[in-house]
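# Observations on chain architecture
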Amino acid sequence: MSCQQAFDTPARDRRNWPSPNDFHYPNAILRWRDISTGVFKILDRFSRGENRYGEKGLIVKLESFSGPILFVWAPNRLVLALQQDADAKFVENLGTKVDANGYQYFDLKLC
């Protein structure tokens, strides 16, 4: 193919390309402490690379009963619980609790 033939080929169909108004910023990834208590449906899980402490991060895509979809950094308790119950479809955020030693933790249940 000569150079001229390459320039003579018609442009691809661009009718299905998005307009500048179709673009949006991705949803922010929230911290677990920033979401409300209640029941959330687990839509998806996204594993992240290791952090400086050697732990792998997990981002969970959740849908609340009222409808908004959230992306949340999973606390360690949720990561461990999801490893034990990989088929869980729902998580209930019970808020923060204090253990016998006075440390706060995020309490949750899976279903």
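Predicted model only: the values in this text are computed from it and were never measured.

### Focus on the pattern of salt bridges
The tally for this structure, following the rule as stated, stands at one salt bridge. Of the charged contacts in the structure, one is a salt bridge between Arg 77 and Asp 107, with a shortest N-O distance of 3.8 Å. Of this pair, Arg 77 sits in helix α2 (residues 76-84) while Asp 107 sits in strand β6 (residues 104-110), and the two are 30 residues apart along the sequence.

### Here's the deal with α2
Within α2 the residues assigned to the buried category are Leu 78, Val 79, Ala 81 and Leu 82. Angularly, the buried residues of α2 cover 165° about the axis, an arc narrow enough to put them on a single face. Away from its buried face by more than 90 degrees, α2 exposes Leu 80, Gln 83 and Gln 84.

### Some thoughts on the side chain of Asn 93
With respect to the helices and strands, Asn 93 occurs in strand β5 (residues 90-98). When its relative accessible area of 3% is taken as the criterion, Asn 93 is described as buried. A polar contact of 3.3 Å, which involves the side chain of Asn 93, links it to the side chain of Trp 32. With near-sequence residues (within four places) excluded, Asn 93 lies in contact with Trp 32, Ile 35, Ser 36, Thr 37, Gly 38, Phe 40 and Asp 107.

### Some thoughts on the packing of aromatic side chains
Working definition: an aromatic ring pair is given by the centre-to-centre distance plus the angle between the planes. Evaluation of the coordinates by the stated rule reveals one aromatic pair. Taken together, a centroid distance of 6.2 Å and an interplanar angle of 35° make the contact between Phe 46 and Phe 71 tilted. Of the two residues, Phe 46 sits in strand β2 (residues 38-50) while Phe 71 sits in strand β4 (residues 69-73), which places them 25 residues apart along the sequence.

Definitions and cut-offs
- Residues numbered from 1 in each chain as written.
- Predicted model: local features only at pLDDT ≥ 70, side-chain atom pairs only at ≥ 80, totals over all residues.
- Heavy atoms only, no water.
- Salt bridge = Lys/Arg side-chain N within 4 Å of Asp/Glu carboxyl O.
- Helix = DSSP H or I, 4+ residues; strand = E, 2+ residues; numbered from the N terminus.
- Buried < 20%, exposed > 50% of the residue type's maximum accessible area, 1.4 Å probe, protein only.
- Arc of directions from axis to C-beta.
- Polar contact = N/O pair within 3.5 Å; in protein donor to acceptor, adjacent residues only side chain to side chain.
- Contact = heavy atoms within 4.5 Å.
- Phe/Tyr/Trp six-rings, centres within 6.5 Å; stacked < 30°, edge-to-face > 60°.

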